[in-house]
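# Residue-level structural notes
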Amino acid sequence: MSSQIYRSAARTARALLSASRSSSVPQGRALAAAAATSFRGKTAFISSFYEGTGSASRGWVSSALALPAAVYMLQDQEVHAAEMERTFIAIKPDGVQRGLIAEIISRFERKGFKLVAVKLVVPSKEFAQKHYHDLKERPFFDGLCNFLSSGPVLAMVWEGEGVIKYGRKLIGATDPQKSEPGTIRGDLAVVVGRNIIHGSDGPETAKDEIGLWFSPTELVSYTGNAEKWVYGNN
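Residues numbered from 1 in each chain as written. Predicted model: local features only at pLDDT ≥ 70, side-chain atom pairs only at ≥ 80, totals over all residues. Heavy atoms only, no water.

Keep this limit in mind: UniProt positions are given in the numbering used here, feature names are shortened, and annotations may be inferred rather than shown by experiment.
Looking at an unreviewed UniProt entry, the chain carries the name Nucleoside diphosphate kinase, with the source organism given as Colocasia esculenta. We quote the UniProt Subunit (unreviewed entry) comment for the chain here in full: "Homohexamer."

### Concerning the overall build of the chain
We count it as follows: By the criteria applied, helices consist of DSSP H or I runs no shorter than four residues and strands consist of E runs no shorter than two, each listed in order from the N terminus. To sort residues, take the accessible area from a 1.4 Å probe on protein chains only and compare it with the maximum for the residue type: under 20% means buried, over 50% means exposed, and anything in between is partly exposed. Computed with the Shrake-Rupley method and a 1.4 Å probe, the accessible areas treat only the protein chains shown as cover for residues.
The secondary structure content of the chain amounts to 13 helices and four strands. For the chain, the residues scored as buried account for 42% of the 234 residues in total. Summing over all exposed atoms, the chain offers an accessible surface of approximately 12800 Å²; the carbon and sulfur share of this is 55%.

### Considerations on the packing of helix α7 (residues 101–111) against helix α10 (residues 163–171)
To be explicit about the condition: Fitted lines through C-alpha atoms serve as axes, helices being fitted only where they are in contact, and the angles separating the N-to-C directions of these axes extend from 0 to 180 degrees. Roughly parallel covers angles under 35 degrees, roughly antiparallel covers those over 145, roughly perpendicular covers 65 to 115, and oblique covers all other angles. Crossings are assigned a handedness: left-handed for a near helix turned anticlockwise from the far helix by less than a right angle, right-handed for a clockwise turn. The contact rule is simple, with two residues in contact once any of their heavy atoms fall within 4.5 Å. Charged residues are taken to be Asp, Glu, Lys and Arg, nonpolar residues to be Ala, Val, Leu, Ile, Met, Phe, Trp, Tyr, Cys and Pro, and polar residues to be all remaining types, Gly included.
Remark: α7 packs on α10, axes separated minimally by 11 Å, with the N-to-C direction vectors making an angle of 135 degrees. It follows from the interaxial angle that α7 and α10 lie oblique. For α7 against α10, the interelement crossing comes out right-handed. Within the contact between the two elements, α7 uses R107, F108 and K111 and α10 uses Y166, G167, L170 and I171. Taken together, the residues of the contact of α7 with α10 break down into four nonpolar, one polar and two charged.

### Some points on the environment of V230
With respect to the helices and strands, V230 occurs in helix α13 (residues 227–231). Residue classification places V230 among the partly exposed residues on the basis of a relative accessible area of 32%. As for V230 and K111, which are separated by 119 residues in sequence, their C-alpha atoms are 9.0 Å apart.

### Things to note about α10
As a reminder, the rule being used: By arc we mean the arc of the directions from the helix axis to the C-beta atoms, nothing more.
Every buried residue belonging to α10 is among V163, I164, G167, L170 and I171, and all of these are buried. What you see down the axis of α10 is that its buried residues fit within an arc of 115 degrees, all on one side. Looking at the residues trailing α10, positive phi occurs at G172, about 100 degrees.

### Some words on the sheet that holds strand β2 (residues 114–121)
Strands pair in a sheet through their backbones, by hydrogen bonds, and they do so in one of two ways: parallel or antiparallel. Quick note on the threshold: Two strands pair under a simple rule: DSSP has to find at least two bridges between them.
Taken in spatial order, the four strands line up as β2-β3-β1-β4 in an open sheet, and their pairing is antiparallel. Here the strands that pair on one side only, and so sit at the sheet edges, are β2 and β4 (197–199). Ignoring which end each strand starts from, the neighbouring axes of this sheet average 20 degrees apart. Here seven bridges tie β2 to strand β3 (residues 153–161), and the two strands are oriented antiparallel to one another. By the bridge assignment for β3, V118 is matched with M156. This element, helix α12 (residues 203–213), spans β1 (84–91), β2, β3 and β4 of the sheet and lies at about 55 degrees to β1.

Structure, rendered in structure tokens:
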């Protein structure tokens, strides 16, 4: 329930804060309206807290204090968890050869993320070098590229709110020995050199990797039937 409240508040606050910057409506009133719209069970409390303020600036302070910190911090525009985004996920040759494709896909699907692109490819070593370009100075770079190009790789793009950050949590630490039980690597892998899966580590990396592995026409945009049950507001 708290995640639904936060998501609703995030969307409403972002819209109203943006509108307040280009209008004569004080930011305090805009943010109070966002709170009243989003936190339905708290409307009376927040409204009464805002009433009786003598100035726009005082209304701003009172409204901000009435809001949970998560909504107040939306002003810096650096909250990514409630953003609809896409990430690149690849099941490496060891994961494909071990027959773990269905197991790994099911974990992302059960979470509520949406598959928007998928293909099975055997990348060349040159392609693998492009994928791991940020590691080219590391002593293990050559071996890493040899391994990625040693067999079929299942390349995927997944979509969802917070999918980049949480996708990494589903995957687990790079070293399976340090991955928590319940994560993909924690449950299914043993050593770093065979950790079965790759996931983008941030928004810019995700954009670059998706662009490297997929053309725009290979990415599918659609509304899944389950989305209202994953993101719906009550």
